[in-house]
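What the coordinates show
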Amino acid sequence: MTAYALTDSWTMTRRELARWARQPVQLVVNLIFPVMLLLMFGYLIGGGRGVNGEYRDYLIPGMLALTMAFGLEGTMIAVTRDLDKGVIDRFRSMPMADGAVLVGRSAADMLQSAMALVVLIGVGAALGWRVHGGPVAFLGAVGLLLLFRFAMLWIGIYLALVAGKPEMVQAVQILVWPIGFLSNALALPDTMPGWLGTVVEWNPMSHTATAVRDLFGTPGAESGHVGAALVWPLALLAVFFPLAVRRFGRLSR
Amino acid sequence: MADTAITVDGAEKRYGGKKALDGLDLRVARGTVHGVLGPNGAGKTTLVRVLSTLLRPDAGRIEVSGHDVVREAYAVRLRIGLLGQHAALDEELGGRQNLELFGRLHHLGARRARARADELLERFDLADTGRKAVRQYSGGMRRRLDLAASLITEPEVLFLDEPTTGLDPRGRAEVWDSVRSLVGGGTTVLLTTQYLEEADQLADRISVVDAGRVIAEGTADELKAETGGDRIDVVLREAGQLGAAVALLPLTGVTVDTDRRLLSAPVTDRMEALSGVVRALQEAGIEAEDVALRRPTLDEVFLHLTGDDRRVKEAA
Ligand SMILES: Nc1ncnc2c1ncn2[C@@H]1O[C@H](COP(=O)(O)OP(=O)(O)O)[C@@H](O)[C@H]1O
Ligand SMILES: [Mg+2]
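This is a predicted model, so every value here is computed, not measured.

Side note on the interface of chain A and chain B
Opposite the 25 residues of chain A that make contact, chain B presents 34 residues. With both chains or domains summed, chain A and chain B bury close to 2800 Å², and 56% of this area falls on carbon and sulfur atoms. Together, Arg22, Arg90 and Pro95 of chain A form the three largest contributors to the area buried by chain A at its contact with chain B, with a combined 28%. Summed over the shared surface of chain A and chain B, the result is 4 salt bridges. One salt bridge connects Arg49 of chain B with Asp89 of chain A, and the closest N-O pair in it is separated by 2.8 Å. Applying the counting criterion to the chain A and chain B interface returns 13 residue pairs in polar contact (both at pLDDT 80 or more). For the side of chain A that touches chain B, the elements supplying multiple residues, two or more each, are α1 (5-22) and α4 (87-92) of chain A. Residue contributions to the side of chain A that touches chain B peak at 8 residues, all from α1 of chain A. Grouping the amino acids of the side of chain A that touches chain B by side-chain chemistry returns 10 nonpolar, 5 polar and 10 charged.

Printed below as a string of structure tokens:
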């Protein structure tokens, strides 16, 4: 059965691609949403308290990280939808490789997030944003963003398996927003009340955003966060990956 | 062993403190259709989920096609098809896409998966709607597609969990036709239902299940003979004449429902009973609004099997 691990995972990934082809509007909306947030925070709300230099240069890496964090919702919705529709029962009753359902989910979600990064970086460039680091640092930054997304993905799968029903997703969605915004994605923690600043500095997403700013060579960026931006997602994965896999296995309880 | 497709010995499954399966036993001979008949909450879905490797039993020896459902789940999955109580399809994809997806996951390869999808769409009369998203299908079409999906590899054993619940009469007839056309191909079918008529129409043998255990087993005729077979219902114009009618009609085991001015009794010879009742009523000058023959309902089978029907008669 392991002989089919790759084939089955690819088949499950293709299933998601076929769904995108069927609902291109949905896909486009998902890709455009972070762009809307970027334009809203960058130009409409006009934040950036305490930021040295262009707010845009601070904001875009923050939005990239925020987009990865919000991916958690998309993963959760997709998994609960499959559970609710019973299609996972059909997969589980078929002689397919054990991990293929979850691998297919991961591959499709990672692909969509990579596309979201491309769109957001493209829009940033069109707005005049420039990367000042080298190409290796740039790829490193993208790598850190995707690593963070990968951690969010497995948290999403785990929460979906715990929640079970789509009705429960909303409850979790409400939590994702403060976690996303209680970070340094949009504003410097120095400008926040003491305790809030502390929370924000501890938020794993803040480390990713700061490390990405650093690697992009953003003027005035803090350095020394790349390590934390690696360790935090890996630690989250070390916890949530086995939890999610175990929970999936326990669907038969 | 070769001629036993499904073996269930003392299956137990508990949810919290509640026993969904409570020592259930079952034997299904290869190539036959076996009906599992029981009311809501009897444990039918739990049984099907255990047999199709979706749920681990707490106890019992359970084999499908000679393979243990827990220790040899993969071998079982190679040999079964499952039509769950609720559709197990990708709602956003088209009918053909669904079948191709499942075909690939059965490792047919791209070309054979496509050919098989076309074949099944044709066979289940879905060829015209193969491109439409399943979301837009009617209940009957969805059920047929779901059934097609469970037949991708021509399984040795097919599980159908309440295949027609929630369908209109037309959808039900469609599914019945499909199931009938399967039989004879050597597939063993285990079918759960709440309807005696459905078990009667489709199954060679029937297990009646209540509270997680089998309370009766046999052919439809055997079970119906046990419950007194067909019944006759007579609705009178005047409730006051019910007593007189019971006294003079050539029937035994009569139950009376005064509110509905109804008397009901088991019959053995349908035509003789019908003409005998009509003649007796006419001779006595008792006016009837309706006289009808019918099959016993599941309730009646049930009440009989659980020994509760005497109480009903006394109450009447
Ligand atoms: N996931 C579950 N959690 C708790 N109780 C359950 C669960 N599934 C079924 N049950 C209970 O087990 C019993 C049998 O259910 P089920 O097998 O669905 O019956 P049927 O399919 O015959 O209607 C019922 O009392 C039901 O409430
Ligand atoms: Mg059921």
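Some details on the sheet that holds strand β10 (residues 213-218) of chain B
Residue and element names in this part refer to chain B. Sheet architecture is open: 6 strands sit in the order β6-β7-β8-β3-β9-β10, paired in mixed fashion. Only two strands of the sheet have a single partner each, and these edge strands are β6 (80-83) and β10. Each neighbouring strand pair of the sheet contributes to a mean axis angle of 15°, computed without reference to strand direction.

Observations regarding the packing of α1 of chain A against helix α5 (residues 100-126) of chain A
Residue and element names in this part refer to chain A. Packing of α1 against α5 leaves a shortest axis separation of 7 Å and a crossing angle of 45°. With respect to α5, the axis of α1 lies oblique. α1 and α5 meet at a crossing whose hand is right-handed. Contact residues: Asp8, Ser9, Met12, Thr13, Glu16, Leu17 and Trp20 in α1; Ala100, Val101, Val103, Gly104, Arg105, Ala107, Ala108, Leu111, Gln112 and Met115 in α5. Here the contact of α1 with α5 is built from residues that sort into 10 nonpolar, 4 polar and 3 charged.

Cut-offs used in this document
- Residues numbered from 1 in each chain as written.
- Chains lettered and ligands numbered in written order.
- Predicted model: local features only at pLDDT ≥ 70, side-chain atom pairs only at ≥ 80, totals over all residues.
- Heavy atoms only, no water.
- Contact = heavy atoms within 4.5 Å.
- Buried area = accessible area lost by both parts, 1.4 Å probe.
- Salt bridge = Lys/Arg side-chain N within 4 Å of Asp/Glu carboxyl O.
- Polar contact = N/O pair within 3.5 Å; in protein donor to acceptor, adjacent residues only side chain to side chain.
- Helix = DSSP H or I, 4+ residues; strand = E, 2+ residues; numbered from the N terminus.
- Nonpolar A, V, L, I, M, F, W, Y, C, P; charged D, E, K, R; others polar.
- Pairing = 2+ DSSP bridges.
- Axes fitted to C-alpha atoms, helices over the stretch in contact; angles between N-to-C directions.
- Parallel < 35°, antiparallel > 145°, perpendicular 65-115°, else oblique.
- Left-handed = near helix turned anticlockwise from the far one by under 90°.

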